[in-house]
Amino acid sequence: MHIPVMPAEALSLLAVRSEGIYLDATAGLGGHTALIAQQLSSGMVIANDCDPASIEMARQNTEEWKDRIRFHHGPFSQLAEAVAELANRKLDGILADLGVSRYQLTDPHRGFSFMSDGPLDMRMDQTTGMTAADLVNYTDEKTLADLIFQLGEERRARKVARAIVRARPIRSTLHLADVVLRAVPRTGRLHPATKTFMALRMKVNDEASELDHLLQIGPALLQSGGRMVVISFMSIDDRKVKERFRELGRDGRAAILTKHPLRPSEEETGRNPASRSAKLRALELN
Ligand SMILES: C[S@@+](CC[C@H](N)C(=O)[O-])C[C@H]1O[C@@H](n2cnc3c(N)ncnc32)[C@H](O)[C@@H]1O
């Protein structure tokens, strides 16, 4: 099972009340969902994820608390409808643990990683939308370069895009990693394809606008005193969370509970290296 990141911090800032209604916007394999469910009596947690395969695993992993959990399959941009359907009032808390899970990252069939060969897919929701293969094989060179530069913050994006266009069709993760490696030599610790993979993943899953949706709709779904806790792993995401929370704080709509983002303890990063880059921010709606 996925090891939930910063479980104690997330739970303490959510301040779960046993009769409350909560939304785990990113249920993944159900790690945080289980922790919330354990604290409920008459309350309930809506466990949402856009990845049906993850929801199925979360369902199995949280079987013990199934009477307190309602699962929902959908993206952040459909959360308002999901909450309206499953809860008859505003929420006491929302948790979002952004990005992909270890399961998604390490399953070669999902195509997120170049650690092993697999189809170049990268969709969190495999029931819809274009794959990373569609993107690299059918996007014009300039558009591809721009997105690798902007989303991946890859300075050598033009070279990468040119190499990709020349090597088409690209079908597998290792093929793409190899094309990038040949185009831009390794300089530091990072594999040269890391930023390109990141950019493609963000584009395929529309991650930037999905996070914008979540940050707009989340506070509107909370009742007064309700809390929103967001864990992010990329500085580009944390910046957005910080700015949106600040805006809500300035307008007097919310109180910021984390002046600075909380980071995982050394003990946690030792036990779970995947938690290393986590930043947690929380607010309470006024
Ligand atoms: C880091 S994992 C969450 C792990 C989970 N907290 C646990 O303890 O098992 C992030 C999850 O969010 C989901 N996700 C990412 N972006 C999403 C979006 N826009 N809408 C819905 N789910 C999303 C992914 O499919 C993934 O399962």
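As the structure is a prediction and not an experimental result, all values here were calculated from the model.

Visitor: Residues and numbers for the overall build of the protein, please.
Guide: When its secondary structure is counted, the protein shows 13 helices and 7 strands. For a compact globule of 286 residues, the expected C-alpha radius of gyration is about 19 Å, and the protein comes in at 19 Å, within 12% of that figure. Taken along the three principal axes of its C-alpha coordinates, the protein extends 60 × 40 × 40 Å. Going through the 286 residues of the protein one by one, you find that 52% of them count as buried. Within the protein, counting contacts between residues at least 6 apart in sequence, those at least 24 apart form 68% of the total. Carbon and sulfur atoms make up 51% of the accessible area of the protein, which totals about 13400 Å². In the protein, 39 side chains carry a positive charge and 37 a negative one; their mean positions are 7 Å apart.

Visitor: Outline the side chain of His191, listing residues and values.
Guide: Position of His191 among the secondary structure elements: in the loop between helix H9 (173-183) and helix H10 (194-204). For His191, a relative accessible area of 17% corresponds to the buried category. Within the structure, the side chain of His191 is placed 2.9 Å from the backbone nitrogen of Ala193, a separation counted as a polar contact. Excluding anything up to four places from it in sequence, His191 contacts Phe114, Ala177, Leu181 and Arg186.

Visitor: Now, about the packing of helix H7 (residues 141-152) against helix H8 (residues 157-167): what can you tell me, with residues and values included?
Guide: The description of two helices packed together rests on the angle between their axes and the distance between the axes. Between H7 and H8, the least distance of the axes is 8 Å, while the angle of their chain directions is 135°. Taken together, H7 and H8 sit at an angle that is classed as oblique. In terms of crossing hand, the pair formed by H7 and H8 is right-handed. For the pair formed by H7 and H8, the contact residues are Glu141, Leu144, Ala145, Ile148 and Phe149 on the first element and Ala157, Arg158, Val160, Ala161, Arg162, Ile164 and Val165 on the second.

Visitor: Can you tell me about the sheet that holds strand E4 (residues 91-97), naming the residues and giving the values?
Guide: Spatially, 7 strands are ordered E3-E2-E1-E4-E5-E7-E6 in an open sheet, and the strand pairing comes out mixed. What marks the edges here is a single partner per strand, and that holds for strand E3 (69-73) and strand E6 (254-256). Going across the sheet, the axis of each strand differs from the next one's by a mean of 15°, ignoring polarity. Where strand E1 (residues 21-24) and strand E2 (residues 44-49) come together, 4 bridges link them in parallel fashion. Each residue of the ladder has a partner; that of Leu23, found in E2, is Ile46.

Calculation notes
- What you see as residue numbers is a count from 1 along each chain, following the sequence as written.
- The predicted nature of this model means local features are confined to residues of pLDDT at least 70 and side-chain atom pairs, given and counted, to a pLDDT of 80 or more, with totals for whole chains, interfaces and linings taken over all residues.
- Note that water and hydrogens are dropped before the side-chain values are worked out from all heavy atoms of the structure.
- Working definition: helices are DSSP H or I runs of at least four residues, strands are E runs of at least two. Numbering for both runs from the N terminus.
- Only the C-alpha atoms count toward the radius of gyration. The rule for a globule is 2.2 Å times the residue count to the power 0.38.
- A 1.4 Å probe rolled over the protein chains alone gives each residue an accessible area, and that area as a share of the maximum for its type sets the label: buried under 20%, exposed over 50%, partly exposed in between.
- Residue contacts are counted whenever heavy atoms from the two residues lie within 4.5 Å of one another.
- Here the Shrake-Rupley method, with its probe set to 1.4 Å, supplies the accessible areas, and only the displayed protein chains count as covering residues.
- Charged residues are defined here as Lys and Arg on the positive side and Asp and Glu on the negative side; His and the ends of the chain fall outside this count.
- Each charge is placed at NZ for Lys, CZ for Arg, CG for Asp and CD for Glu.
- Pairing of N or O atoms within 3.5 Å defines a polar contact, subject to two protein rules: one partner must be a possible hydrogen donor and the other a possible acceptor, and residues neighboring in sequence count only if both atoms are side-chain atoms.
- Axes, fitted as lines to C-alpha atoms, cover a helix only where it is in contact. Angles between the N-to-C directions of the axes lie from 0 to 180 degrees.
- Relative orientations are named as follows: roughly parallel for angles under 35 degrees, roughly antiparallel for angles over 145 degrees, roughly perpendicular for angles from 65 to 115 degrees, and oblique for any other angle.
- By definition, any crossing whose near helix is turned counterclockwise from its far helix by less than a right angle is left-handed, and any crossing with a clockwise turn is right-handed.
- Any two strands are treated as partners once DSSP identifies two or more bridges connecting them.

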